[in-house]
Each structure stands twice: as C-alpha cells, then as structure tokens.
Amino acid sequence: MTADDLAHDPQATHATYEKLLALLDEHGAAYRVIEHAPEGATEAVSALRGHEPAQAAKCIIAMVKIGKKEKRFALVVVPGDRRIDLAAVKALYGGTYVSFASPEIAEELAGSPSGTILPFSFDERLDLFVDPDLLVHEEFYFNAARLDRSLALSAKDYASIAEPRVERVSTD
C-alpha cells in the first residue's frame, strides 16, 4: 500500500485503526476512544480532547543512515509539547546522517497519513523509541490512524504491549 493509497482511501487507514483496537483488546489494555472534529496538529487536537499537549504522543518517523549503504527507520514518540531530538536518534544508531523520513515513506511504514501515525510499529522495518517523559502520565493521547478519532491509553499498558525502547529522544 503506497502513501498515495492511504491519503485517498479511508479504508486503508481504517484497517490500521482496527488492527490497533484488536491488539489492545487482545491484551486487555485500558483505553478510551474519543471522537472529535478532524485534526492532526498536536496543539489543536489536544484542545479538542481536553488535555495538556504534554500528554499527547507526537509520533514522527526518522531516517538514519549508518555508513554509506545502510538506512534505518525509527518511529520516535515524544510528548506533544516537545520536539524530536534528531541528534539523539542518530547517536542511538551510531549513524552518520539523520533526517525526517519523507511523508511518502513515513505513511507507508506507519500505515496511516501524517498527523495520525500511531505510537505502535506494525512494520518490521520500523524501530520504536519513546521518550520517558511521555510515560510519566497515567494515560496519554494520540490520533488513532484517523484525524477524527483518538485514543486515551494507559501508559503502563502501552509500554507492556508495544515494548518500545525507552530513550531520551526529545528536546524543548
């Protein structure tokens, strides 16, 4: 499925949303579904959901080059009031170059459009890192592969199910 398919096919992102709910239900995770007006910007969607941006999961895909031939992709999850620290991500890999992945690659790896990327990796090519400052909250919020639907998810359940690598990957 290409990024263009995702952008023009709501059923494609619906499949990612359903996959997420099935995973959470299978593990008995504590979560709530929140329906809201379509919005992908962290500040605006946090206001719609009624919480501080620090409780939102900002999910960004980075591309790291390791030497001249190897390329790796990282799904980096940081609190909504922080920015991704690309230098920290590069250092975690011992990389020679880091950048944000192109929107097309990010959406293909995530299975959903930008603004709706989940804090879960369903693609083996995508390493998952989460900043510890997001996990201090009892629950955190994220768009659930859709601009009009979010989840409030127990941070403890998230860490247990997603098994992210917890690293300092954010900056002010």
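Treat the numbers as computed from the prediction; the structure is a model and nothing was measured.

1. Structural notes on the side chain of Ser154
Move 1: Tracing the sequence through the fold places Ser154 in strand E8 (residues 149–154).
Move 2: Looking at Ser154, the relative accessible area reads 14%, which means it is buried.
Move 3: Residue contacts for Ser154: discarding those within four places in its chain leaves Ala30, Glu138 and Glu139.

2. Observations concerning the pairing of E8
Taken residue by residue, a regular strand's side chains alternate between the two faces of the sheet.
Move 1: Of all 6 residues that make up E8, 6 are buried, and the element is covered over most of its length.
Move 2: In E8, alternate side chains face the same way, and those of Arg149, Leu151 and Leu153 on one face and Ser150, Ala152 and Ser154 on the other are all buried.
Move 3: Bridge count between strand E1 (residues 31–35) and E8: 5 bridges; the pairing is antiparallel. Within E8, the residue paired with Glu35 across the bridge is Arg149.
Move 4: Bridging between strand E7 (residues 139–146) and E8 involves 6 bridges; their strand directions are antiparallel.

3. A few points about the layout of surface pockets
Think of a ball as big as a water molecule: rolled over the atoms, this probe shows where empty space is left.
Move 1: Counted as a void, the largest pocket has a volume near 290 Å³.
Move 2: Put simply, the parts of the chain that give the lining of the largest pocket at least two residues each are helix H3 (42–49), strand E2 (57–66), helix H5 (103–110) and E7.
Move 3: At 5 residues, E2 tops the list of elements feeding residues into the lining of the largest pocket.
Move 4: Among the residues making up the lining of the largest pocket, the classes are represented as 13 nonpolar, 7 polar and 2 charged.

4. Some details on H3
Move 1: Every buried residue belonging to H3 is among Thr42, Val45, Ser46 and Arg49, and all of these are buried. In an axial view of H3, the angular spread of the buried residues amounts to 105°, which keeps them on one side of the axis. Structural note: H3 exposes Glu43 and Ala47 on the side pointing more than 90 degrees away from its buried face.
Move 2: Considering only its buried residues, H3 is in contact with E1, E2, E7 and E8.
Move 3: Once H3 ends, the next one or two residues include Gly50, with phi positive near 80°.

5. Digging into the nonpolar core
A general feature of soluble globular proteins is that nonpolar side chains tend to end up buried together.
Move 1: In terms of nonpolar packing, the biggest core is built from 34 residues, with Ile61, Val77, Phe120, Phe142 and Tyr158 touching the most fellow members.
Move 2: Among the elements of the structure, helix H2 (10–26), E2, strand E3 (70–79), H5, strand E6 (126–130), E7, E8 and helix H6 (155–162) are those that each provide at least two residues to this core.
Move 3: Setting aside anything within four residues of it in sequence, one finds Val77 in contact with Ala57, Lys58, Cys59, Pro119, Leu128, Phe129, Val130, Asp131, Leu134, Tyr158 and Val169.

6. Description of the pattern of salt bridges
Move 1: By the definition in use, this model includes 12 salt bridges.
Move 2: Residue Glu70 pairs with Arg72 through a salt bridge whose shortest N-O separation is 3.7 Å.
Move 3: On the basis of relative accessibility, which here comes to 38%, the residue Glu70 falls in the partly exposed class.
Move 4: Classification of Arg72 as partly exposed rests on a relative accessible area of 30%.
Move 5: One salt bridge in this structure joins Arg125 and Glu108, with 3.6 Å as the shortest N-O distance.

What counts, and where the lines are drawn
Residues numbered from 1 in each chain as written. Predicted model: local features only at pLDDT ≥ 70, side-chain atom pairs only at ≥ 80, totals over all residues. Heavy atoms only, no water. Helix = DSSP H or I, 4+ residues; strand = E, 2+ residues; numbered from the N terminus. Buried < 20%, exposed > 50% of the residue type's maximum accessible area, 1.4 Å probe, protein only. Contact = heavy atoms within 4.5 Å. Pairing = 2+ DSSP bridges. 1 Å grid on protein atoms, 1.4 Å probe; cavity = no way out; pocket = protein on both sides within 12 Å on 5 of 7 lines; lining within 4 Å. Points joined across faces, edges and corners; volume = space filled by probe spheres on them. Nonpolar A, V, L, I, M, F, W, Y, C, P; charged D, E, K, R; others polar. Arc of directions from axis to C-beta. Core = buried A, V, L, I, M, F, W, Y, C linked by side-chain atoms within 4.5 Å. Salt bridge = Lys/Arg side-chain N within 4 Å of Asp/Glu carboxyl O.

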